[in-house]
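Fold and geometry: a report
What follows is the residue order along each chain.
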Amino acid sequence: MKIKLGLLYGGKSAEHEVSLLTARAVSQAINFDKYEVYPIYITKTGEWRKGSALAGPAESTKTLQFGLETSKPNSIASFLPVENDDASKLDVIFPLLHGPNGEDGTVQGLLEVLNLPYVGNGVLASAAGMDKVVMKQLFAQAGLTQVPYVHFIRKNWKSNQEALLQQMEESLQWPLFVKPANLGSSVGITKAANREELIKAVELAFKYDRKIIVEQGIVARELEMSVLGNDNPKCSVVGEVLPTKDFYDYEAKYEDGTTNYAIPAVVSAELLKKMEDAAVRAFKVLDCSGLVRADFFVTDEEEVIINEVNTMPGFTPISMYPKLWIESGLSYSDLIEELITLALERYEEKQ
Ligand code: ATP
Ligand code: MG
Ligand code: MG
Ligand code: MG
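Residues numbered from 1 in each chain as written. Chains lettered and ligands numbered in written order. Predicted model: local features only at pLDDT ≥ 70, side-chain atom pairs only at ≥ 80, totals over all residues. Heavy atoms only, no water.

Around ligand 1, the structure places 23 residues, and the nearest of them are Lys132, Lys179, Ser186, Glu222 and Asn310. In the environment of ligand 1, an oxygen atom lies 2.9 Å from a nitrogen or oxygen atom belonging to the backbone of Ser185. At a separation of 2.9 Å, a nitrogen atom of ligand 1 approaches a polar backbone atom of Ile218. In isolation ligand 1 exposes 610 Å². Once the protein is present, 96% of that is buried. Broken down by secondary-structure element, the contributors of at least two residues to the shell around ligand 1 are strand S7 (176–180), strand S9 (211–216), strand S13 (290–298) and strand S14 (304–310). When the residues that make up the shell around ligand 1 are grouped by side-chain class, the tally is eight nonpolar, seven polar and eight charged. Residue assignment places the shell around ligand 1 across two domains, with domain 2 (129–145 + 219–350) and domain 3 (149–216) each supplying three or more. (Near = heavy atom within 4 Å. Polar contact = N/O pair within 3.5 Å; in protein donor to acceptor, adjacent residues only side chain to side chain. Areas by Shrake-Rupley, 256 points an atom, 1.4 Å probe, with all protein chains shown as cover. Helix = DSSP H or I, 4+ residues; strand = E, 2+ residues; numbered from the N terminus. Nonpolar A, V, L, I, M, F, W, Y, C, P; charged D, E, K, R; others polar. Domains from an automatic or database assignment.)

Printed below as a string of structure tokens:
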């Protein structure tokens, strides 16, 4: 019997398009002798679609028509595993969703309630990892080094703008990085060099979230590491992001091809060890499972500063997370296989 694998993709998030890329890539790498693939598409407005219309013509099961919006919406109830209707029950779900409503624990909570095993992080890790403020507070608890930052909500900005600006100017050094607290792919992030730019950056970030974080900018290498596992996570080789423009923004990540990467990055044995230690500590303090990509800044003095972890990192074969594993000796399809195994193991352990 083939394993019924639900691929959940799209999503009500600014990272919808990134998810489509991921879904297409994963669907092409799946071992169709072992898995029967069920595409489940969430539209940009949050409607759920499933069914054969998404799977493309029968003769080419490998071509899933991702992003198709013509099929009828399905109610969430149609995903419920109904008794005596085992045919409708999927064995495992791979949520290929990034950002809010996908990477943030909401979909993970739904899958928990539906009693379905799923790939990747659970509710707590996903939620804590999506909120940069909560994540930073937990990282501090774990003794991880971070850049100085300030955070506030829209209401306080509206009523206390001058006081907040003064607080930032006094406690942080220019330039500043202004970010929505809950997002990814650099969406809504601006580098601000002065008060005027800061105000504009804050207004932009508030378009995406009611809470924002303002960080002190750092001049450092950007090094990333992939972590894989449940209770005994393993670390990949290190990758380096080498943006040729101001910073690693959305266009640099997905569109304009201006970014260079070094995979593996040149790192000393000592630095590698420090990064592995920090990545595992970050993984554990958020109670992660399955996978995370840990993003670091590393100074000339080799101080390891954690920027964030991504609980559902970019996952196309040319994305950093899989590429670091490929470089470490694990192929893209073996990585998918390993993640599904980890998902089933975690599910079994909870029973
Ligand atoms: P993703 O989830 O895609 O990795 P994100 O939206 O969570 O991205 P960050 O990783 O926090 O955003 O930041 C995006 C980029 O902005 C970083 O890769 C880096 O180039 C730059 N950046 C962010 N914060 C800082 C900082 N404090 N100092 C210097 N550069 C920064
Ligand atoms: Mg992120
Ligand atoms: Mg992200
Ligand atoms: Mg990042």
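Once you've had a look at it, read on.
Turning our eyes to something else, we now look at the packing of aromatic side chains. Inspection of every chain in the model, using the stated rule, returns nine aromatic pairs. Measuring from ring centre to ring centre gives 5.6 Å for Phe152 and Trp157, while their planes differ by 15°; the resulting arrangement is stacked. On the basis of an interplanar angle of 40° and a centroid distance of 5.6 Å, the ring pair of Phe315 and Tyr332 is categorised as tilted. Of this pair, Phe315 sits in the loop between S14 and helix H10 (320–327) while Tyr332 sits in helix H11 (residues 332–350), placing them 17 residues apart in sequence. A relative accessible area of 0% means that Phe315 is categorised as buried. Ring pairing ties together the aromatic residues Phe94, Phe315, Tyr321 and Tyr332, which thus form one cluster. Lying across the ring of Tyr248, Lys253 places its NZ or CZ 5.0 Å from the centre. Sitting over the ring of Tyr118, Arg346 keeps its end group 4.6 Å from the ring centre. (Phe/Tyr/Trp six-rings, centres within 6.5 Å; stacked < 30°, edge-to-face > 60°. Buried < 20%, exposed > 50% of the residue type's maximum accessible area, 1.4 Å probe, protein only. Lys NZ or Arg CZ within 6 Å of the ring centre and 35° of its normal.)

Read from one edge to the other, the open sheet built from four strands follows the order S6-S9-S7-S8, with strand pairing classed as antiparallel. Of all the strands in the sheet, the pair left with one neighbour each is strand S6 (149–153) and strand S8 (190–192). Each strand axis lies, on average, 25° off the axis of its neighbour in the sheet, ignoring direction. As paired elements, S7 and S8 share three bridges and run antiparallel to each other. Its bridge partner lying in S8, Val178 is registered against Thr190. Most of the contacts of helix H6 (residues 154–171) go to S6, to which it runs at about 170°, and overall it touches S6, S7 and S9. Taken strand by strand, helix H7 (residues 195–205) contacts S6, S7, S8 and S9, and its axis lies near 15° from that of S7. (Pairing = 2+ DSSP bridges. Axes fitted to C-alpha atoms, helices over the stretch in contact; angles between N-to-C directions. Contact = heavy atoms within 4.5 Å.)

This part covers the pattern of salt bridges. With the rule as written, the count across this model stands at 17 salt bridges. Put simply, Arg195 and Glu162 hold a salt bridge, and the shortest N to O gap is 2.9 Å. Here Arg195 is found in helix H7, whereas its partner Glu162 is found in helix H6, with 33 residues between them in sequence. On the basis of relative accessible area, Arg195 is assigned to the partly exposed category, the value being 27%. The exposure class assigned to Glu162 is partly exposed, which follows from its relative accessible area of 42%. Close ionic contact of Asp277 with Arg281 constitutes a salt bridge, the shortest N to O distance being 2.8 Å. Taken together, the residues span about one helical turn, with Asp277 and Arg281 both in helix H9 (residues 269–285) at a distance of four residues. On the accessibility criterion, Asp277 (38% relative accessible area) is partly exposed. Residue classification places Arg281 among the partly exposed residues on the basis of a relative accessible area of 34%. Members of the salt-bridge network, linked through shared partners, are Lys136, Lys179 and Glu215. (Salt bridge = Lys/Arg side-chain N within 4 Å of Asp/Glu carboxyl O.)

In this section: the confidence of the model for the protein chain. Averaged over all residues, the pLDDT of the protein chain equals 89, while 89% of them reach at least 70. Scored below 50 in pLDDT, residues 55–71 makes 40 contacts in the model with residues more than four places away or belonging to other chains. Scored below 50 in pLDDT, residues 80–85 shows five contacts in the model against residues more than four places distant or in partner chains. (pLDDT = per-residue confidence, 0-100.)

Binding of the magnesium ion (ligand 2) to the protein goes through Glu308 (OE), Glu308 (OE) and Asn310 (OD1), at separations of 2.1 to 2.4 Å. Separating the magnesium ion (ligand 2) from the magnesium ion (ligand 3) is a gap of 3.2 Å, bridged by Asn310, which donates to each. Classification of Glu308 by relative accessible area gives buried; the value is 9%. Take Asn310: its relative accessible area is 9%, and that puts it in the buried class. (Donors = N, O, S within 2.8 Å, 3.2 Å for Na, K, Ca; no water.)

Another point: the side chain of Ser185. Looking at the secondary structure, you find Ser185 in the loop between S7 and S8. Looking at Ser185, the relative accessible area reads 8%, which means it is buried. Setting aside residues no more than four positions away along its own chain, Ser185 makes contact with Glu15, Val18, Tyr250, Lys253 and Tyr254.

Turning our eyes to something else, we now look at the packing of helix H4 (residues 123–130) against helix H5 (residues 132–141). For the pair H4 and H5, the least separation of the axes is 5 Å and the interaxial angle reads 105°. Classified by the angle their axes make, H4 and H5 are roughly perpendicular. Here Ala128, Gly129 and Met130 of H4 come into contact with H5, specifically with Lys132, Val134, Met135 and Leu138. Looking at the contact of H4 with H5 residue by residue, the classes come out as five nonpolar, one polar and one charged. (Parallel < 35°, antiparallel > 145°, perpendicular 65-115°, else oblique.)

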